[in-house]
Amino acid sequence: MAFCPFHAYDPDHRSPFGAVPAGTAVHLRVLLPRDYGCSSCTLVIRADDQKQARRYGMFWCGMHGQNSEWWECHFRPETPGLYWYSFECQTHQGTLPISARPDGSGVLGGQGTWQLTAYDPSFQTPDWIKGGVYYQIFPDRFACSGRSKQDVPAGRTLRQDWGGQPEWRPNAEGKVTNSDFFGGDLPGIEQKLPYLERLGVTCLYLNPIFESHSNHRYDTADYTKIDPLLGCEDDLKQLCAQAAKHGIRIVLDGVFSHTGSDSVYFNREGRYPPDGAYNTQDSPYYSWYKFQKWPELYTSWWGFITLPEVHEEDPSFLEFICGEQGVLKKWLRCGVSGWRLDVADELPDVFLERLRQAVKEQSSDALILGEVWEDASNKESYGARRKFLLGNQLDSVMNYPFRNAILGFLTGGKAEDFVSIVLSVCEHYPAPALHTLMNHIGTHDTERALTVLAGEPENGRGRDWQSQQCLSPDQKAHGLQFMRLASAMQYTLPGVPSVYYGDETGMEGYKDPFNRGCYPWGKEDVSLVEWYCSLGRIRKACPALVDGEFIPLFSQGDILAFGRRKGNDTILTVINRSSSPAAFPLPKGWENVACILGKKENDTIVLTPHDAVLAGTGQWINKLLSTSKDG
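Let us look at the structure shown here. Here the residue numbering is sequential within each chain, running from 1 through the sequence in written order. Residues qualify for local features only when their pLDDT is at least 70, as the model is predicted, and side-chain atom pairs are given and counted only at 80 or more; totals for whole chains, interfaces and linings, by contrast, use all residues. Side-chain numbers here rest on the full set of heavy atoms in the structure, without hydrogens or water.

A closer look at the nonpolar core
Right, on to step 1. Counting residues in each nonpolar core, the largest one holds 156 residues, and the members touching the most others are Y135, L204, F256, W339 and F418.
Right, on to step 2. Secondary structure elements follow DSSP: runs of H or I of four or more residues count as helices, runs of E of two or more count as strands, with numbering from the N terminus. Sorting elements by how many residues they give to this core places helix α13 (residues 473-492) first, with 8 residues.
Right, on to step 3. Not counting residues within four places of it along the chain, the set of residues in contact with F256 comprises Y223, V310, E312, F317, I321, V327, L328, W339, L341, L347, F351 and L355. Buried Ala, Val, Leu, Ile, Met, Phe, Trp, Tyr and Cys residues that are joined via side-chain atoms within 4.5 Å together make up what is termed a nonpolar core. Each residue's exposure class comes from its accessible area (1.4 Å probe, protein chains only) as a fraction of the maximum for that residue type: buried when under 20%, exposed when over 50%, partly exposed otherwise. In this description, contact between two residues means that some pair of their heavy atoms is separated by no more than 4.5 Å.

Structure representation (structure tokens):
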């Protein structure tokens, strides 16, 4: 094994691990060969908002065996922000830098730096979601109550073939309108609350529900009204109240970087009263938009002219969204428990900070979740480092890095890469954000997880090809087995698992709109549903899955093992992705685990092909095993 002078994930080198509240002293130690003749060692550290690095002398603190020596220091980040650090050593060979590698280890030479995140000590996130389960619903496609639809706006096609393929072809004018609707509604969701409770769901994340004229509803027409196909304001209040009786909260999708062109505010299509920004420069909404030449030339989201961008910092828009009588507080007062923010990395700091203030004023335990696809702790957008997770903006984010790690390993990636991705997030994210992460393996913006695990890669092929693809029986069987592995990993990592509606039934599909099919009521893969129910029971029972530490145990070849620990409670996850049986000898300290899913013989976990085993220690597992025997 190569000599490692420093490793950010090793408590012998850095303590405490991970992001820290500002003002916390961080202990740093480097290990050097004695024969280097080191005369001094220096911590080199630069705050993210400073150009010049600062240098702190380190102290010699003793030998490690006969051939190596320790140098140490403490660093205290006084203000929230990112700090980038490395080390320099004066040796008989001259000045030797110690720099970071992607896996957290250090190397003599190079220029890489480690990240230290310091966050506001007052940063708190809602406890009610920790240890729970998210469930994402695309409202038009989850469940239809059968109630007749009233006051349906013109231009919509109401489908009568629940489960049919969503329309994807351009119309006669060559436009894709997303105007076919299957009739899912809020009362339909309410009818399925007992099922969702059985799955272990504690939070429903609903894709947009406000009046809009496409089935995805990301082209908001009126932020103050529920779309008539979904129901009315009273239906939302009723859903929130009934969900609470099942231990379930509701989070809404907030689309605030743009509106629809077919909206009260812009009104390019002329559906609404003629005082939209497109109709007159005297419009109360005119200052919201970015006109280069009124009315035809304006900035739109990713170039889609039906999605005009807004000035989020415009005082009128800020008040409309964040004011006392604004959109955020209106719907919180109706009983919802938080907001998921669409394209959060396209929303400016001023807007996010005002939004947090408004939401927490209305409900201190409301959740603010952002859509960020990369590492949200060090994300740059619009030429600036973002401050999403430092305590004054978001509570947490959708966790795409974990999705990439899970699906990457199960489709042939290195087990070591999985561990590196997970540890990097654990190192960079503040604990309040880490334990509220939305850990999904698929959403309305990605291919279905089953298709990724078992299907032919899409590789940029168009909708015509995607529309004709479905899994063969052999592929489907493989995919269903690997969904068990993926979900076992998803449910036991730090953060909160998020199930995209229907994934638990074996739904497949490539990208939009094929990943947005109707929930297959009565045609579910019952075995997979029961697997998800078992995972839900485990999450509800195990304290270590609330905020326990993540412990990598083994990552080599086709075998992956990691644990979570909180006090005397532990849970162990062991994955065998290969088509051959395998055995995993339990490491020291884990010999006494009892299996809740899978099999153990003596001090060894017995793995069948494509197997996931969950085991643990503590009173929680004894109670769960007892309940399982009784039930």
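Next comes the rest of the description.
Some details on the sheet that holds strand β18 (residues 249-254)
Working definition: the strands of a sheet are paired by backbone hydrogen bonds and lie parallel or antiparallel to each other.
Right, on to step 1. In spatial order, the strands read β25-β22-β21-β18-β15-β12-β27-β26; together these 8 strands make up an open sheet with parallel pairing. For this open sheet the edge positions go to β25 (396-397) and β26 (438-440), each flanked by a neighbour on one side alone.
Right, on to step 2. Strands qualify as paired when DSSP identifies two bridges or more between them. Taken together, the 3 bridges between strand β12 (residues 134-137) and strand β27 (residues 496-500) define a ladder with parallel strand orientation. Note that in β27 the partner of Q136 across the bridge is Y500.
Right, on to step 3. All axes here are fitted lines through C-alpha atoms, helices being fitted over the stretch that makes contact, and every angle between N-to-C directions spans 0 to 180 degrees. Sheet contacts for α13: β26 and β27; angle to β27, the most-contacted strand, approximately 140°.

Brief notes about the pairing of strand β3 (residues 26-33)
Right, on to step 1. Among the 8 residues of β3, 7 are classified as buried, and the element is accordingly described as predominantly covered.
Right, on to step 2. Looking at chain direction, strand β1 (residues 14-15) and β3 are connected through 2 bridges and run antiparallel. By the bridge assignment for β3, R14 is matched with L28.
Right, on to step 3. For β3 and strand β7 (residues 68-75), the ladder comprises 8 bridges, and the chain directions are antiparallel. Of the residues in β7, the one forming a bridge with V26 is F75.

So, the environment of T443
Right, on to step 1. You can see T443 is positioned in the loop between β26 and α11 (449-454).
Right, on to step 2. Taking the C-alpha atoms as reference points, T443 and S498, 55 residues apart in sequence, are found 9.0 Å from one another.
Right, on to step 3. Residues contacting T443, with those up to four places away along its chain left out, are Q136, M398, Y400, Y500 and N515.
Right, on to step 4. Side-chain polar atoms of T443 contact the backbone nitrogen of D445, separated by 3.0 Å. Here a polar contact is recorded for every N or O atom pair within 3.5 Å, except that within protein the pair must consist of a potential hydrogen donor and a potential acceptor, and residues adjacent in sequence are included only if both atoms are side-chain atoms.

Re the environment of F3
Right, on to step 1. On the secondary structure map, F3 appears in the segment before β1.
Right, on to step 2. With 103 residues separating them in the primary sequence, F3 and G106 have C-alpha atoms 9.1 Å apart.
Right, on to step 3. In this structure, F3 is in contact with L31, L32, P33 and S68, ignoring residues within four places of it in sequence.

Comments concerning the layout of surface pockets
Right, on to step 1. What the largest pocket holds in volume is close to 1,400 Å³.
Right, on to step 2. Looking at the lining of the largest pocket residue by residue, the class counts come to 11 nonpolar, 13 polar and 18 charged.
Right, on to step 3. Buriedness of a pocket was judged along seven lines, with at least five required to meet protein on both sides within 12 Å; pockets are open sets of points on a 1 Å grid over the protein atoms alone, cavities are sets where a 1.4 Å probe fits but cannot get out, and lining residues have an atom within 4 Å of a point. Grid points are joined across faces, edges and corners, and a volume is the space filled by probe spheres set on the points. As a volume, the second largest pocket reaches approximately 830 Å³.
Right, on to step 4. Y9, F17, L423, F550 and P552 are the residues nearest the centre of the second largest pocket, which is lined by 31 residues in total. Each residue is assigned to one of three groups, with Ala, Val, Leu, Ile, Met, Phe, Trp, Tyr, Cys and Pro labelled nonpolar, Asp, Glu, Lys and Arg labelled charged, and all others, Gly among them, labelled polar.

Thoughts on the packing of aromatic side chains
Remark: the centre distance and the inter-plane angle together describe each pair of aromatic rings, the angle taken between the planes.
Right, on to step 1. A pair of aromatic rings is counted whenever rings of Phe, Tyr or Trp (Trp by its six-membered ring) have centres within 6.5 Å, and the orientation is called stacked for planes under 30 degrees apart, edge-to-face for over 60 and tilted otherwise. This model, assessed by the stated rule, comprises 50 aromatic pairs.
Right, on to step 2. Their ring planes at 40° and their centres at 6.5 Å tell us that W288 and Y289 sit as a pair that is tilted.
Right, on to step 3. For Y289, a relative accessible area of 4% translates into the label buried.
Right, on to step 4. Look at F317 and F351: their rings are 6.1 Å apart centre to centre, the planes differ by 25°, and that puts the pair in the stacked class. Taken together, the residues F317 in helix α5 (residues 315-322) and F351 in helix α7 (residues 349-362) connect sequence positions 34 residues apart.
Right, on to step 5. Look at NZ for Lys and CZ for Arg. If either is within 6 Å of the ring centre and within 35 degrees of the ring normal, a charge sits over the ring. Over the ring of W70 we find R29; its NZ or CZ atom is 3.8 Å from the centre of that ring.
Right, on to step 6. The lysine or arginine in question, R461, covers the ring of W465, its NZ or CZ lying 3.9 Å from the ring centre.

Comments concerning helix α4 (residues 233-245)
Right, on to step 1. Expected span, for any helix, means 1.5 Å times one less than how many residues it has. If you check α4, its first and last C-alpha atoms are 19 Å apart, about what 13 residues at 1.5 Å a residue would give, namely 18 Å.
Right, on to step 2. For α4, every residue scored as buried is listed here: D235, L236, L239, C240 and A243. Taken down its axis, α4 places every buried residue within 135° of arc, on the same side. More than 90 degrees from the buried face of α4, the exposed residues found are D234, A244 and K245.
Right, on to step 3. Packing partners of the buried residues in α4 comprise α2 (186-191), α3 (193-199), β15 (203-206), β17 (220-226), β18 and α6 (327-333). The arc under discussion is defined with respect to the helix axis, by the directions toward the C-beta atoms.

Focus: the environment of F320
Right, on to step 1. Among the structural elements, F320 can be located in helix α5.
Right, on to step 2. Assessed through its relative accessible area of 23%, F320 is described here as partly exposed.
Right, on to step 3. Residues F320 and Y223, spaced 97 residues apart in sequence, show a C-alpha to C-alpha distance of 9.6 Å.
Right, on to step 4. In contact with F320, not counting residues within four places along its chain, are Y223, T224, Y265, W288, G326 and V327.

Considering helix α9 (residues 415-428)
Right, on to step 1. The terminal C-alpha atoms of α9 lie 20 Å apart, and with 14 residues this matches the ideal 20 Å at 1.5 Å per residue to within 8%.
Right, on to step 2. Taking burial as the measure, the 14 residues of α9 include 10 buried ones, the bulk of the element.
Right, on to step 3. If you check which residues of α9 are buried, you get A415, F418, V419, V422, L423, S424, V425, C426, E427 and H428.

Quick word on empty space enclosed by the protein
Right, on to step 1. Scanning the model with the defined rule gives 1 cavity of 30 Å³ or more in all.
Right, on to step 2. What lines the largest cavity is P208, F210, S212, R217, T220, Y223, D253, G254, V255 and F256.
Right, on to step 3. The set of elements that each furnish at least two residues to the lining of the largest cavity consists of β16 (210-212), β17 and β18.
Right, on to step 4. Looking at the lining of the largest cavity, its residues break down into 5 nonpolar, 3 polar and 2 charged.

Some remarks on the pattern of salt bridges
Right, on to step 1. The term salt bridge refers to a side-chain nitrogen of Lys or Arg lying within 4 Å of a carboxyl oxygen of Asp or Glu. One pass over the full model with this rule turns up 44 salt bridges.
Right, on to step 2. A salt bridge links E69 to R34; the shortest N-O distance between them is 2.4 Å. Of this pair, E69 sits in strand β7 while R34 is found in the loop between β3 and β4 (40-47), placing the two residues 35 residues apart along the sequence.
Right, on to step 3. A salt bridge links D161 to R159; the nearest nitrogen and oxygen atoms lie 2.9 Å apart.

Limitation: the analysis is restricted to geometry and does not speak to function.
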